[in-house]
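What follows is the residue order along each chain.
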Amino acid sequence: MLRGRAPREYARRTIEGGPFFSVKPPPFDYHAPSSLQEALELLGQFGTDAKVLAGGQSLVPLLNLRLARPAHLIDINGLESEIGQVRTNNGGLAIGAMTRQRTAEKSSVISERYPLLAEALPLIGHIQIRNRGTIGGSLAHADPASELPAVALVLDADLVVRSKSRGERVIKADSFFVSFLTTALEPDELLVEVRLPGWPSGAGWSYQEISRRHGDFAMVGVACLVRLNAGGAIAEARLAYTGAAPSPVRSREAEQFLAGQQPSTDAFAEAAEHAAKVLDPASDVHASAAYRLHVAKVLTRRALQVAVSRATGGAA
Ligand SMILES: Cc1cc2nc3c(=O)[nH]c(=O)nc-3n(C[C@H](O)[C@H](O)[C@H](O)COP(=O)(O)OP(=O)(O)OC[C@H]3O[C@@H](n4cnc5c(N)ncnc54)[C@H](O)[C@@H]3O)c2cc1C
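Quick caveat: nothing in here was measured; it's all calculated off a predicted structure. (Residues numbered from 1 in each chain as written. Predicted model: local features only at pLDDT ≥ 70, side-chain atom pairs only at ≥ 80, totals over all residues. Heavy atoms only, no water.)

**Observations regarding the overall build of the protein chain**
Note the following rule: Every helix listed is a DSSP run of H or I at least four residues long, and every strand listed is a run of E at least two residues long, numbered separately from the N terminus. Radius of gyration here uses only the C-alpha atoms, and the compact-globule reference equals 2.2 Å multiplied by the residue count raised to the power 0.38. Throughout, exposure labels follow a simple rule: accessible area from a 1.4 Å probe, protein chains only, divided by the maximum for the residue type, with under 20% read as buried, over 50% as exposed, and the rest as partly exposed. Only heavy atoms matter for contacts: two residues are in contact if any of them lie within 4.5 Å across the pair. Accessibility throughout is a Shrake-Rupley quantity obtained with a 1.4 Å probe, and a residue counts as covered only by protein chains that appear here. By the counting rule applied here, Lys and Arg register as positive and Asp and Glu as negative, while His and the ends of each chain are not counted. Just so you know, the charge point we use is NZ for Lys, CZ for Arg, CG for Asp and CD for Glu.
Along its length, the protein chain carries 14 helices and 14 strands. For the protein chain, whose C-alpha radius of gyration is 20 Å, the value lies close to the compact-globule estimate of 20 Å for 316 residues. A principal-axis box enclosing the C-alpha atoms of the protein chain has dimensions of 60 × 45 × 30 Å. Counting over 316 residues, the protein chain shows a buried share of 51%. In the protein chain, the proportion of contacts linking residues at least 24 apart, taken out of those at least 6 apart, comes to 63%. On the protein chain, roughly 13700 Å² of surface is accessible, and the fraction owed to carbon and sulfur atoms is 50%. Positive and negative side-chain charges of the protein chain, numbering 34 and 32 respectively, have mean locations separated by a distance of 4 Å.

What follows is the structure in C-alpha cells.
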C-alpha cells in the first residue's frame, strides 16, 4: 500500500511496539454525515482525533495495519451529491473531492479538455480500486508514489478546502503537498474541490511511469506539459515527479532551463540532469534509489519528446 519511505516506517513502528501485522482496525466511533455542513461540524468537533473516510482504498489498509488509530471515523460517502460532481468553472474545470477516480476516467469533458489527467487516471491501481477511490482522497493522502498529485502540480491546480470555523481556503497545489503523506490540510478541514485552470492552448502533454506490473504503484513517474512558440522553441515546460522524492515534486530548475530552447534530444537530456537535482528517491524492496533516479531521467527525456510531438500535432 505504502511505497517510498513507507516500508522503513512499517518496520520502525512494528519494532517499537504492537503486534506485527494486525488485520483488524482499532475501535473507533463511526459517523456518517449526510451533508457537508454536518461533516464540517464533526471535523470541527473532533479535529485531530478524527479521520475522514472517502473511498477507503488507502485509509482502510492503514486502519487494518493499525498505522492510523483515529478515535472517530467520519465517512463522507453520503456527500457525493454535494462534493462529487465534475463541472466547468471559469474556462477551467472543478472536480468535486468525492468524484470517483473511475468516474473521472470515463468523463468526456476530462478526456477532451485535460488529456494529461485522462492519461494518468487509468494508471491508478486497478479498476476495482478506481471504482471506490476518489480524486480528493488521492490528493489528501499525498502518497508521493501516486499519479494525481504530480498531475495537480503540473496543471497548477487549486485545492479548495473548507472548515466550519474558517470557511473556505484555496491552496495552490505547489503549497498543498508538504512532505511524505502530509499536506497543508488542517485537522478540521475537508478537501472539497479541485479547480483546474483552462488547458493551455496548444500544449502537448505526457504522463510516463514505470511499475513492475500493471496496477502496481509506480516506481517512478513524470507528468509533463509543453507549449511551443511560433518559431517552434519551447515557450513553457512543466515537469512533476511521482515516486522520486519524499513528496510529489515539480522541477522548476529543469523548467527554467527548457524555456527558450529548441526541442532536441540534447536539450531533453540536459533538462533531465537539471530535474534530477530536486529528486531524492528512496531505496526499497522494489528498486534502489540509484535505479529510480536513472529511470526518472529516462522518463523525463521520453515525456518531453512525446509532449513536444503532441504540441506540434504529432500522434506520438
Ligand atoms: C491495491 C491498491 C493499489 C493502488 N494503486 C495505486 C496507484 O497505482 N496509484 C495511486 O495513486 N493510488 C493507488 N492506490 C490508492 C488509491 O488511489 C486510493 O484511492 C487513494 O490513495 C485514496 O483515495 P480514497 O478515496 O480511497 O481515500 P481514503 O483511503 O478514504 O483516504 C485516504 C486519506 O485521505 C483522507 N481524505 C480522503 N478524502 C478526504 C477529503 N475530501 N478531505 C480531507 N481528507 C480526505 C483520509 O482521511 C485519509 O487520510 C491503490 C490502492 C490499492 C488498495
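**Points about the site of the ligand**
Heads up, the condition is: When we say a residue is near a molecule or strand, we mean one of its heavy atoms is within 4 Å of it. The term polar contact refers here to a pair of N or O atoms within 3.5 Å; inside protein, the definition further demands a hydrogen-donor-capable atom paired with an acceptor-capable atom, and it admits residues adjacent in sequence only when both atoms are side-chain atoms. Three categories are distinguished: nonpolar for Ala, Val, Leu, Ile, Met, Phe, Trp, Tyr, Cys and Pro, charged for Asp, Glu, Lys and Arg, and polar for the others, with Gly belonging to the last.
Taken together, 31 residues sit near the ligand, with Val-52, Gly-56, Ser-58, Leu-59 and Thr-134 positioned nearest. The contact in question runs from an oxygen atom of the ligand to an N or O atom on the backbone of Leu-59, over 2.7 Å. Glu-147 is positioned such that a nitrogen or oxygen atom in its side chain is 2.8 Å from a nitrogen atom of the ligand. Calculation on the ligand without its partners gives an accessible area of 960 Å², and the protein chains cover 90% of this total. For the shell around the ligand, the elements supplying multiple residues, two or more each, are β2 (50-53), α9 (135-141) and β10 (190-196). Among the elements that line the shell around the ligand, the one with the most residues is α9, at 4 residues. Residues of the shell around the ligand, tallied by class, amount to 15 nonpolar, 13 polar and 3 charged.

**Things to note about unusual backbone geometry**
Even without a glycine there, the phi angle at Ala-142 is positive, about 55 degrees. Along the polypeptide, Ala-142 turns up in the loop between α9 and α10 (147-154).

**Quick look at the pattern of salt bridges**
To keep it simple, the criterion reads: We define a salt bridge as a side-chain nitrogen of Lys or Arg found within 4 Å of a carboxyl oxygen belonging to Asp or Glu.
Applying the stated rule across the entire model yields 23 salt bridges. A salt bridge links Arg-227 to Glu-236; its shortest N-O distance comes to 3.0 Å. Between Glu-255 and Arg-252 there is a salt bridge, and its shortest N-O distance comes to 3.8 Å. On the criterion of helical spacing, the pair formed by Glu-255 and Arg-252 is a turn pair, its members being 3 residues apart in helix α12 (residues 252-258).

**As for helix α13 (residues 265-276)**
Put simply, the test is: To estimate the expected span of a helix, count its residues, drop one, and scale the result by 1.5 Å.
A rise of 1.5 Å per residue sets the reference length of α13, with its 12 residues, at 16 Å; its end C-alpha atoms lie 17 Å apart and thus fit the reference within 8%. Looking only at α13, the buried set comprises Ala-267, Phe-268, Ala-271, Ala-272, His-274, Ala-275 and Ala-276.

**Description of the side chain of Thr-134**
Residue placement: Thr-134 occurs in the loop between α8 (127-132) and α9. In terms of polar contacts, Thr-134 uses its side chain to reach the backbone amide nitrogen of Gly-137, at 2.8 Å. Ignoring any residue separated from it by four or fewer positions in sequence, one finds Thr-134 in contact with Ala-54, Gly-55, Ala-97, Met-98, Thr-99, Arg-100 and Gln-101.

**Side note on the packing of aromatic side chains**
Let me state the cut-off plainly: Any two rings among Phe, Tyr and Trp, with Trp reduced to its six-membered ring, count as a pair given centres within 6.5 Å; such a pair is stacked if its planes are under 30 degrees apart, edge-to-face if over 60, and tilted if neither.
Tallied over the full model, the rule gives 3 aromatic pairs. When the ring of Trp-199 is compared with that of Trp-205, the centres are 6.2 Å apart and the planes differ by 75 degrees; the resulting orientation is edge-to-face. Aromatic ring contacts, followed pair by pair, group Tyr-114, Trp-199 and Trp-205 into a single cluster.

**Some points on the pairing of strand β6 (residues 158-163)**
Applied cut-off: Any two strands with at least two DSSP-identified bridges between them are counted as paired.
In terms of burial, β6 is a largely internal element, 5 of the 6 residues being buried. When β6 meets strand β7 (residues 167-172), the two strands line up antiparallel, connected through 6 bridges. From the neighbouring strand, Val-161 faces β7, where its bridge partner is Arg-169. The loop that links β6 with its antiparallel partner β7 comprises 3 residues. Relative to β10, β6 runs antiparallel, the two being bridged by 5 bridges.

**Focus on the domain arrangement of the protein chain**
Accessible area lost during the coming together of the parts is what is often quoted as the interface size. Cut-off, in case you're wondering: Here the limits of each domain have been adopted from an automatic or database domain assignment. Buried area: the accessible area, evaluated with a 1.4 Å probe, that two parts lose upon being put together, summed over both parts.
Annotation of the protein chain at the domain level lists domain 1 (6-75), domain 2 (82-196) and domain 3 (204-311). Placing the centre of domain 2 and that of domain 3 at their C-alpha centroids yields a distance of 21 Å. The partner domain 3 presents 25 residues to the 24 residues of domain 2 that form the contact. Summing both partners gives a buried area of about 2100 Å² for domain 2 against domain 3, and 59% of it is carried by carbon and sulfur. Across the contact surface, domain 2 and domain 3 share 4 salt bridges. A salt bridge links Asp-174 to Arg-252; the shortest N-O distance between them is 2.3 Å. Linking domain 2 with domain 3 are 9 residue pairs in polar contact (both at pLDDT 80 or more). A per-element tally of the side of domain 2 that touches domain 3 places α10 first, with 6 residues.

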